[in-house]
Amino acid sequence: MTLLDSPARASAGTSPAAGAGPRPGARRRRSWAWLAALPLFLVVAVAFGLPALAMADGAFTVGDGGYGLDNVNRSVDGAYRTALLGSVKLSALTAAAGTLFGLLLAQAVVSSRGRALREAVLTASGVLANFGGVPLAFAFVATLGNAGVLTTRLGLDEHGWSLYGFWGLALTYLYFLVPLMVLTVAPALDGLRVQWREAARDCGASTWQYWRHVGVPVLLPTLLGGFVLLFGSAFAAYATAAAMVGSSVPLVTLQIADALSGNVLVGQENVALALSLDMVLVAAVVMAVHLPLQRRSTRWLA
């Protein structure tokens with residue numbers, strides 16, 4: 001009887017796994033793993049926090065040393081408002097075109113059987129997505145400028161082509177926005193399961209119906225997130241536009257540079273900080289839209 005009861009007693013009371021739980025009065029062990037993130041917090045505070053505070057302080061500082069909304073009101077009025085709307089227009093147009101062309105290029109690469117082609121395109125996209133600034137402006141001026149190679153050989157100037165305008169700048173921006181979209185949407189295209197396409201084909205759906213009812217709805221959060229990402233990249237670009245078009249195209253980044261350097265009016269530094277604050281608010285809206293879309297896309301394509 002004792003031998004028969006011993007397993008029951010062991011499983012009921014003496015086994016450490018049975019009835020395991022925190023003892024009354026026991027304290028949870030405190031984790032100090034967060035200390036490893038202190039250097040990151042310090043870098044963020046110094047590199048982003050202090051400049052943000054200085055920018056906000058200057059944006060709301062008025063001439064008498066007090067605080068007010070004069071600079072903020074001026075940043076959304078007159079030529080500054082025109083520049084802000086011009087940046088939004090250019091960013092939205094190039095982001096939409098970059099999303100479309102990037103999706104088509106990524107789909108062509110993902111669906112191809114050539115592994116070397118895929119690796120070459122993705123590697124080139126990673127390089128070109130970070131190629132901008134003055135070198136990009138020089139490359140386009142040498143190619144499609146007034147005396148560029150293609151302009152002179154194809155006679156583009158005779159048909160009214162000009163690189164130094166809104167559409168020329170939009171074409172230049174696509175040079176780095178399309179590769180950025182390829183890098184963004186290629187993993188999502190890889191996440192489309194083959195079983196979904198086979199099930200749609202077994203049900204009699206055509207390729208167009210598959211993309212309309214299955215592919216595009218699943219990819220929609222990724223596409224919208226990519227559009228928002230491209231919009232933010234184009235909205236914050238400065239060096240390419242400054243080197244190529246100067247002040248001929250009204251952009252908020254160029255207005256900030258002119259206000260800080262005093263090229264147009266002297267003493268507009270605080271207005272430039274207010275313009276920078278406007279850009280930060282636009283970037284915050286962009287990130288607020290991008291992050292939920294990214295989480296939703298990973299739910300389907302993980």
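Residues numbered from 1 in each chain as written. Predicted model: local features only at pLDDT ≥ 70, side-chain atom pairs only at ≥ 80, totals over all residues. Heavy atoms only, no water.

### Some thoughts on the overall build of the protein chain
Note the following rule: The secondary structure listing takes helices from DSSP runs of H or I that are at least 4 residues long and strands from runs of E that are at least 2 residues long, numbered from the N terminus. Buried residues are those whose accessible area, probed at 1.4 Å on protein chains only, stays under 20% of the maximum for their type, while exposed residues exceed 50% and partly exposed ones sit between those limits. When checking whether two residues touch, look at their non-hydrogen atoms; a contact exists if any pair is within 4.5 Å.
When you go through the protein chain residue by residue, the secondary structure sums to 13 helices and 0 strands. In the protein chain, the order of α-helices and β-strands from amino to carboxyl end is α-α-α-α-α-α-α-α-α-α-α-α-α. A total of 302 residues make up the protein chain; the buried ones form 33% of that total. Considering only residue pairs separated by 6 or more positions, the protein chain has 70% of its internal contacts joining residues 24 or more positions apart.

### Things to note about the confidence of the model for the protein chain
Formally: What pLDDT reports is the predictor's confidence in each residue, on a scale of 0 through 100.
Scored by pLDDT, the protein chain comes out at a mean of 81, with 86% of its residues at no less than 70. Segment residues 1-19 is flagged for pLDDT under 50; beyond a separation of four residues in sequence, or across chains, it makes 4 contacts in the model.

### Notes on the packing of helix α9 (residues 194-202) against helix α10 (residues 207-236)
What counts, and what does not: To get an axis, fit a line to the C-alpha atoms, keeping to the stretch in contact for a helix; angles then go from 0 to 180 degrees between the N-to-C directions. When an angle is under 35 degrees it counts as roughly parallel; over 145 it counts as roughly antiparallel; between 65 and 115 it counts as roughly perpendicular; any other value is oblique. In this scheme, a crossing is called left-handed if the near helix is turned counterclockwise away from the far one by less than a right angle; it is called right-handed if the turn is clockwise. Gly falls in the polar group here, along with every residue not listed as nonpolar (Ala, Val, Leu, Ile, Met, Phe, Trp, Tyr, Cys, Pro) or charged (Asp, Glu, Lys, Arg).
Between α9 and α10, whose axes approach to 10 Å, the crossing angle comes to 160 degrees. Classified by the angle between their axes, α9 and α10 sit roughly antiparallel to one another. Two packed elements cross with a definite hand, and for α9 against α10 that hand is right-handed. Counted together, W196, R197 and A200 of α9 and Y210, W211, V214 and V218 of α10 form the full contact between these two elements. Grouping the constituent residues of the contact of α9 with α10 by class yields 6 nonpolar, no polar and 1 charged.

### Considering helix α12 (residues 252-261)
Across the 10 residues that make up α12, a large majority, 7, are buried. Taken residue by residue, α12 has V252, T253, L254, Q255, I256, D258 and A259 as its buried positions.

### Brief notes about the nonpolar core
Keep this limit in mind: Only buried residues count toward a nonpolar core. Its members are Ala, Val, Leu, Ile, Met, Phe, Trp, Tyr and Cys residues joined through side-chain atoms within 4.5 Å.
The biggest cluster of nonpolar side chains holds 50 residues, and the ones touching the most others in it are L169, Y173 and L251. Looking at this core, the elements with two or more residues in it are α4 (78-111), α6 (134-144), α8 (166-191), α10, α11 (239-244), α12 and α13 (269-301). Element by element, the count of residues in this core is highest for α8, at 12 residues. If sequence neighbours within four positions are ignored, L169 has contacts with L90, L163, A241, M244, V245, V249 and L251. Counting residues in hydrophobic clusters, the runner-up holds 5 residues, among them M55, V72, A274 and L277.

### Describing the packing of α6 against α8
Two elements in contact, α6 and α8, have axes separated by 11 Å at closest approach and are oriented at 125 degrees. Taken together, the axes of α6 and α8 lie oblique to each other. For α6 against α8, the interelement crossing comes out right-handed. Within the contact between the two elements, α6 uses L136, F140 and L144 and α8 uses L171, T172, Y175 and F176. Across the contact of α6 with α8, the residue classes break down as 6 nonpolar, 1 polar and no charged.

### Notes on α10
Within an α-helix, residues lying three or four positions from one another point in the same direction, as the helix has 3.6 residues per turn. What counts is decided by this rule: Expected span of a helix, by definition, is 1.5 Å for each gap between consecutive residues, and there is one gap fewer than residues. At every residue, the bend is computed as the angle between two fitted axes, covering the seven residues ending there and the seven beginning there respectively.
The terminal C-alpha atoms of α10 lie 38 Å apart, and with 30 residues this falls more than 12% below the ideal 44 Å at 1.5 Å per residue. Taking the largest bend as the criterion, α10 deviates by roughly 50 degrees, centred on L220, and proline P221 comes between one and four positions later.

### What to know about the pattern of salt bridges
This is how the line gets drawn: Each reported salt bridge corresponds to a side-chain nitrogen of Lys or Arg within 4 Å of a carboxyl oxygen of Asp or Glu.
Evaluated as defined, the whole model comprises 2 salt bridges. Between E119 and R115 there is a salt bridge, with its nearest N and O atoms 3.2 Å apart. Of this pair, E119 and R115 both sit in helix α5 (residues 115-128), 4 residues apart, which is roughly one turn of that helix. Under the relative-accessibility criterion, R115 is labelled exposed at 63%.

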